[in-house]
Amino acid sequence: MTRPRTTRRRSRALVAAVVVAGLGLTGVACSGGSGGASGSGAAPADASAPLDPKTKVTITIDCMPPATKKPELKEWNEDVAAFHKLYPNVTVDGKSTTGQCEDPATFAAQLKGGTEPDVFYSYFTDLPQVLDAGQAADITPYVNRRTVPTLDDIAPDVLDVEKDSGKLYGLPASDYTMGILINRKLFKEAGLDPDKPPATWEQVRADAKAIAALGHGIAGYGDYSAGNNGGWHFTAEMDGLGASVVNAAGTKATFDDAQGRQILDTLHAMRWDDDSMGQTQLLKWGDLQKQMVAGKLGMFIAAPDDITYMVETLGGHYEDYGMGPMPGGKGTLLGGDAYLFKKSDTPDQIKAGIAWLDFKFLKEGQGQFDYARTKADGLPVGLPQPEFYTGATKATDDRLKAASATMPVANFAAFTAHPLPGRAEPPNAQEIYKVLDNAMSGVLTDRSANVDKLLSTAAAQVDEVLANSQ
C-alpha cells in the first residue's frame, strides 16, 4: 500500500487542505517562469545542462511540512534558504498539507483541471493515472549526472517506477521495502537469536511456535486480513518468494500457483495446527503494531517506519525491535513517493525543479540526508528508509546515518545486509488487495478453509478487475 509522506500511515481518508506558503522567499504562487517554451513541446537544445544560477523562475512544490510539524518545517525552510543562495533568482513556493501529502480525490481533481503544482508529489503507483490524464512532462533530456550527481547510484528498481516506455517522468523522494519485523525481547525469551530473524516460511513457522509457547496470550506471528491490508501483505509475501500476483502485462492473475498455496497453507497451519497466531483475526493496519508494543506479538511483515509509529505514537522502544528480509529472500514489495513535473512546465521550471529535488532529496549528507541536523532537531535517525542508494553513495549514506543514529542500527543489519530486488505494486492495487483479503481471512478464520478454492475464486475475481480496467 502507498505510504503518505507526512503521516506515513496507510489511511487515505483524510482530506489534505492545501495552502500556499511563501517560505521566506519573495514571489507569487504562479506557474510562470522566464525562458523556454512550454514543457509540452520539445526540450531545448541545452536541456541536459544544469540550471543557470542567473535564471529567474518560480516553481510551486507539493508537500511542504505543515506548521504542526515544527522540526520538519524548520528543516524545509533552512533548505529553501540554502538553495536560494545557490540559485538567488529561483523562488520555491511551497504548498503545505495538514494531513497526508496526497488525497486521492483532490489529486484526481487537480489532474483533471490541470491545477496541480509545477512539481507535484505522487505515490509510486500514480504515474499511469497521471499519464492517462496527460499531465506529465517528460524530463528524460534534463536528467543526467550533471543535474543529478547521484543518479548512477539510485537503485534501478526505484528509478524505473517513474519511467514509461523508456521515458523518465519523475524523481524519487523516498522509498520503502518490506521485511519481517521482530520483537527482540520475545525472541530472547523464547531462546531465539534476535540477530537472526527467520529467512524462510519454514523458519517463520518454527520461530512462531517457540514464541507462542511462552503463553500469556502471546502470538508468535500476526498477519492482516481486512481493510485491503490482507491482500497487500499476501502480495508482499508472494514477492518474497519471487512470484507475483499478476503477470508482467498486468492482464492476468498469477497467484493461483505453488507459491500462493505455500503462503496460505503456511498461515492456515500456523493459525489452526500450531495455534501460534492468536485468536483475534480480521486485523488491519495498526492492530499488529499495538499487539507488538504490548508485548503480545513476536513477528509480522512490515516496512521500517512501522517501528517509528510504534515508538513515537504507541510508546514502544527502538531497542526492542529489529528486522530481517522478506521470507523467501527473492524479492520485496517496493513502495514510496516521488515528484512529477506538470505538463505545462517551462524548461526553466523543469530545470529548477530538478535542481531543488536534487538538493533536498537526492544528495548524500544534505537535505533529508543531513542526519546530524535531524538528530539535533529531535527527529529519529537510523531506520533503513529511505534506502534507494547503491554503490559508493550508499556507503557514504550508511556511514553518516550510523554516526548520528538515535537507535541501534545493528538491529536492522539482517535487513540492510541483504537488499532484495524491489517489486512495484500491481495495477489496480487496491481492488486486487480487496479481493485477496478474502483469501487471507478465509484461512485465518475458517479451520476447514479450502485453499485451492480460495485461490481460484480470487484469481477469477482479479481477472475481472483487470479486464474491466483495460
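Worth saying up front: this structure is predicted, and the values here are computed from it rather than measured.

Engineer: How would you summarise the packing of aromatic side chains if you had to cite specific residues and measurements?
Structural biologist: For the coordinates displayed, the defined rule picks out 17 aromatic pairs. Taken together, a centroid distance of 4.8 Å and an interplanar angle of 50° make the contact between Trp285 and Tyr309 tilted. With a gap of 24 residues between them, Trp285 in the loop between helix H8 (258-273) and helix H9 (287-293) and Tyr309 in helix H10 (residues 305-312) connect regions that are remote in the sequence. Residue Trp285 is classed as buried on the basis of its relative accessible area, which comes to 15%. Here the aromatic rings of Phe369 and Tyr371 are separated by 6.2 Å at their centres, their planes lie at 65°, and the arrangement is edge-to-face. The class of Phe369 is buried, set by a relative accessible area of 2%. Each member of the aromatic cluster is reached from another via a ring pair, and the members are Trp76, Phe83, Tyr87, Trp356 and Phe359.

Engineer: Before we move on, can you summarise the sheet that holds strand E8 (residues 179-183) with the specific residues and values?
Structural biologist: In space, the 3 strands of this open sheet follow the order E9-E8-E10, with antiparallel pairing throughout. Edge positions in the sheet fall to strand E9 (299-302) and strand E10 (321-325), since each of these pairs with one other strand and no more. This sheet shows a mean twist of 30° between the axes of neighbouring strands, independent of strand direction. In the sheet, E8 pairs with E9 via 4 bridges, with the strands oriented antiparallel.

Engineer: I'd love a proper account of the state of the cysteines, names of residues and values included.
Structural biologist: What the rule picks out here adds up to 1 disulfide. One disulfide bridge connects Cys63 with Cys101, the sulfur atoms lying 1.8 Å from each other. Judged by the sign of its S-S torsion, about 50°, the bond between Cys63 and Cys101 is right-handed. With a gap of 38 residues between them, Cys63 in strand E2 (residues 57-64) and Cys101 in the loop between strand E3 (90-97) and helix H2 (104-113) connect regions that are remote in the sequence. By relative accessible area, which is 3% here, Cys63 ends up buried.

Engineer: Account for the packing of helix H1 (residues 70-86) against helix H11 (residues 347-362), naming residues and giving values.
Structural biologist: With their axes 11 Å apart at the nearest point, H1 and H11 run at an angle of 125° to one another. Taken together, the axis directions place H1 and H11 in an arrangement best described as oblique. Considering how the two elements wind past one another, H1 and H11 form a crossing that is right-handed. Where H1 abuts H11, its residues Glu75, Trp76, Asp79, Val80, Ala82, Phe83 and Leu86 lie against Ala352, Ala355, Trp356, Phe359 and Lys360. Grouping the constituent residues of the contact of H1 with H11 by class yields 9 nonpolar, no polar and 3 charged.

Engineer: For the environment of Ala173, give the residues involved together with the corresponding values.
Structural biologist: Mapped onto the secondary structure, Ala173 falls in strand E7 (residues 170-177). Here the alpha-carbon distance between Ala173 and Asp358, two residues 185 residues apart in the chain, equals 9.2 Å.

Engineer: Let's hear about the packing of H8 against helix H15 (residues 429-445): which residues, and what values?
Structural biologist: The interhelical angle for the contact between H8 and H15, taken along N-to-C directions, is 30°, at an axis separation of 8 Å. Taken together, the axes of H8 and H15 lie roughly parallel to each other. Crossing geometry of H8 relative to H15 is assigned as right-handed. Across the interface between the two elements, Leu264, Leu267, His268, Arg271 and Trp272 from H8 touch Ala439, Met440, Val443, Leu444 and Thr445 from H15.

Engineer: Describe in detail the side chain of Gln135, supporting the description with residues and values.
Structural biologist: Along the chain, the position of Gln135 falls in the loop between helix H3 (127-132) and helix H4 (156-160). Looking at Gln135, its side chain comes within polar contact range of the main-chain oxygen of Leu111, at 3.4 Å. Discounting residues that sit within four places of it in the chain, Gln135 has contacts with Leu111, Gly114, Glu116, Phe120, Val130, Phe341, Lys342 and Lys343.

Engineer: Could you give an account of the pattern of salt bridges, with specific residues and numbers?
Structural biologist: Applying the stated criterion to the full structure yields 18 salt bridges. A salt bridge links Lys74 to Asp377; the nearest nitrogen and oxygen atoms lie 3.0 Å apart. Separated by 303 residues along the polypeptide, Lys74 in helix H1 and Asp377 in the loop between helix H12 (371-376) and helix H13 (391-403) bring together distant segments of the chain. Residue classification places Lys74 among the partly exposed residues on the basis of a relative accessible area of 36%. Among the residues examined, Asp377 registers a relative accessible area of 18% and is labelled buried. With a closest N to O distance of 3.9 Å, Arg373 and Asp370 form a salt bridge. On the accessibility criterion, Asp370 (24% relative accessible area) is partly exposed. Among the charged side chains, a network of salt bridges with common partners joins Lys74, Glu78, Asp79, Lys360, Asp370, Arg373 and Asp377.

Cut-offs used in this document
Residues numbered from 1 in each chain as written. Predicted model: local features only at pLDDT ≥ 70, side-chain atom pairs only at ≥ 80, totals over all residues. Heavy atoms only, no water. Phe/Tyr/Trp six-rings, centres within 6.5 Å; stacked < 30°, edge-to-face > 60°. Helix = DSSP H or I, 4+ residues; strand = E, 2+ residues; numbered from the N terminus. Buried < 20%, exposed > 50% of the residue type's maximum accessible area, 1.4 Å probe, protein only. Pairing = 2+ DSSP bridges. Axes fitted to C-alpha atoms, helices over the stretch in contact; angles between N-to-C directions. Disulfide = S-S within 2.5 Å. Parallel < 35°, antiparallel > 145°, perpendicular 65-115°, else oblique. Left-handed = near helix turned anticlockwise from the far one by under 90°. Contact = heavy atoms within 4.5 Å. Nonpolar A, V, L, I, M, F, W, Y, C, P; charged D, E, K, R; others polar. Polar contact = N/O pair within 3.5 Å; in protein donor to acceptor, adjacent residues only side chain to side chain. Salt bridge = Lys/Arg side-chain N within 4 Å of Asp/Glu carboxyl O.

Interpretation in functional terms is not warranted from these geometric data alone.
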